[in-house]
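# Results of the structural survey
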Amino acid sequence: MLAPINKIINFSNVDGPGNRCVIFFQSCPFKCLYCHNPETINYCNHCQKCVDKCMSSALSVVDNKVVYDSNKCINCDTCISVCDNFASPKINYMSVNDIIVKLIKLKPFIKGITVSGGECTNHKQFLIELFKEVKKLDLHILMDSNGNIDLSIEEELMDLVDGVMLDVKSVDDKFHYILTSKSCDMVLNNLDYLLSVDKLYEARTVLLPNFMVENLKTVNYVSKKLLLKSQYKLIKYRKYGVSEKGVDFFKDDTINDEDVKECLEIALKYCNNSFIV
Ligand code: SF4
Ligand code: SF4
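Residues numbered from 1 in each chain as written. Chains lettered and ligands numbered in written order. Predicted model: local features only at pLDDT ≥ 70, side-chain atom pairs only at ≥ 80, totals over all residues. Heavy atoms only, no water.

## Notes on the overall build of the protein chain
On a plain count of helices and strands, the protein chain comes out with nine helices and 11 strands. Here the protein chain has a C-alpha radius of gyration of 19 Å; the compact-globule value for 277 residues is 19 Å, and the two agree. Each principal axis of the C-alpha atoms in the protein chain carries an extent, and together these give about 55 × 45 × 30 Å. Taken over 277 residues, the protein chain has a buried fraction of 51%. The contacts in the protein chain between residues at least 6 apart in sequence include a share of 68% that link residues at least 24 apart. The centroid of the 33 positive side-chain charges in the protein chain is displaced by 2 Å from the centroid of its 36 negative side-chain charges. (Helix = DSSP H or I, 4+ residues; strand = E, 2+ residues; numbered from the N terminus. Rg over C-alpha atoms; globule rule 2.2 N^0.38 Å. Buried < 20%, exposed > 50% of the residue type's maximum accessible area, 1.4 Å probe, protein only. Contact = heavy atoms within 4.5 Å. Lys, Arg positive; Asp, Glu negative; His and termini not counted. Charge placed at Lys NZ, Arg CZ, Asp CG, Glu CD.)

Printed below as a string of structure tokens:
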């Protein structure tokens, strides 16, 4: 079994406790307007638009398919900047064993792994096989998810994972649909489920400029659910990496400090483990 891996960061200290290896899977069922890595959303359709733009000859075409050579790539990301399909040609198809070989080398320096994306649960069978092997290395396992699949029926997966970082983008279904192209019903079900089984490592909400009514509604709802059980990360919207459509939609480059303060005060009223990044 192989999975499309967008990238692996060997060491990160912002994706869960301790130093962690973070594995980014390709593809996501959401199309978030504020996505910071929109090149993880779709699979490459081999339109070849990026091939000639690569100055390092890392991209070529074989049988009408774009082929990526990581040895020649200088990571300039020109290919990603010219892609209008929210995709990347820099995908490596890896087996569980490929990842485990890498993790064995990193093990002395890391506390655990975090699987992210894109949406990692798009590859849930692969995750199950990967996590079984990661457990043997005695590494902590976190899953960063948009909560789009019903985690309460994924018993095997949930038995293996130590915690989930759940994005709660909005509790207003109409607004969630505008932001992501999907309903928030399943996300909210997952919030309840993860709290009930004590597997919610953290909930996260992006605070958006010019949408304070929606920000406050979500922060109020989520912080009341979390109480003291999990941490709540409030993320200031920043336009860096966001698609043109998103930048136009949110208008401002970031959310102002007064609005952030108001959101944090509400969050701290109920969940004293709330913070801003
Ligand atoms: S990465 Fe984007 S631009 Fe490049 S071939 Fe694939 S779809 Fe086309
Ligand atoms: S990031 Fe893309 S454009 Fe840049 S060298 Fe690598 S494959 Fe080529």
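Moving on from the coordinates now.
## As for the site of ligand 2
Near ligand 2, the surroundings consist of 13 residues, among which Cys54, Cys73, Cys76, Asp77 and Cys79 are the closest. In terms of residue class, the shell around ligand 2 is made up of eight nonpolar, three polar and two charged. (Near = heavy atom within 4 Å. Nonpolar A, V, L, I, M, F, W, Y, C, P; charged D, E, K, R; others polar.)

## Description of the nonpolar core
Leu103, Ile113, Val115, Leu130, Phe131 and Met143 are the most contacted members of the largest nonpolar core, which totals 61 residues. Ignoring sequence-local partners within four residues, the contact set of Ile113 consists of Arg20, Cys21, Ile23, Leu103, Leu130, Phe131, Val134, Leu139, His140, Ile141 and Leu142. Counting 11 residues, the second largest nonpolar core, distinct from the first, contains Cys50, Val66, Tyr68 and Cys73. (Core = buried A, V, L, I, M, F, W, Y, C linked by side-chain atoms within 4.5 Å.)

## Focus on the sheet that holds strand β2 (residues 20–25)
The nine strands lie next to each other as β5-β1-β2-β6-β7-β8-β9-β10-β11, forming an open sheet whose pairing is mixed. Both edges of this open sheet fall to β5 (92–95) and β11 (274–276), since each of them pairs with a single strand only. Neighbour-to-neighbour, the strand axes of this sheet turn through a mean angle of 30°, independent of strand direction. Across the face of the sheet, helix α3 (residues 124–136) comes into contact with β1 (2–12), β2, β5, β6 (112–116) and β7 (140–145) while running at roughly 170° to β6. On top of the sheet, helix α6 (residues 185–196) reaches β8 (163–167) and β9 (200–207); it is set at about 150° to β8, its chief contact. (Pairing = 2+ DSSP bridges. Axes fitted to C-alpha atoms, helices over the stretch in contact; angles between N-to-C directions.)

## A closer look at the environment of Ala203
Following the sequence through the fold, Ala203 ends up in strand β9. Taking the C-alpha atoms as reference points, Ala203 and Ser243, 40 residues apart in sequence, are found 24 Å from one another. In this view, Ala203 contacts Leu166, Val222, Leu226, Gln231, Tyr232 and Lys233; residues no more than four positions away in its chain are not counted.

## Concerning the domain arrangement of the protein chain
We note that the domain assignment places domain 1 (2–40 + 92–276) and domain 2 (44–89) within the protein chain. In this complex, domain 1 contributes seven residues to the contact, which on the side of domain 2 involves five residues. Buried area between domain 1 and domain 2, summed over both chains or domains, comes out near 440 Å², and the portion from carbon and sulfur atoms is 62%. When the buried surface of domain 1 facing domain 2 is broken down by residue, Pro38, Glu39 and Asn92 rank first, second and third, together holding 70% of it. At the boundary of domain 1 with domain 2, the tally comes to zero salt bridges. Along the contact surface separating domain 1 from domain 2 lie zero residue pairs in polar contact (both at pLDDT 80 or more). (Domains from an automatic or database assignment. Buried area = accessible area lost by both parts, 1.4 Å probe. Salt bridge = Lys/Arg side-chain N within 4 Å of Asp/Glu carboxyl O. Polar contact = N/O pair within 3.5 Å; in protein donor to acceptor, adjacent residues only side chain to side chain.)

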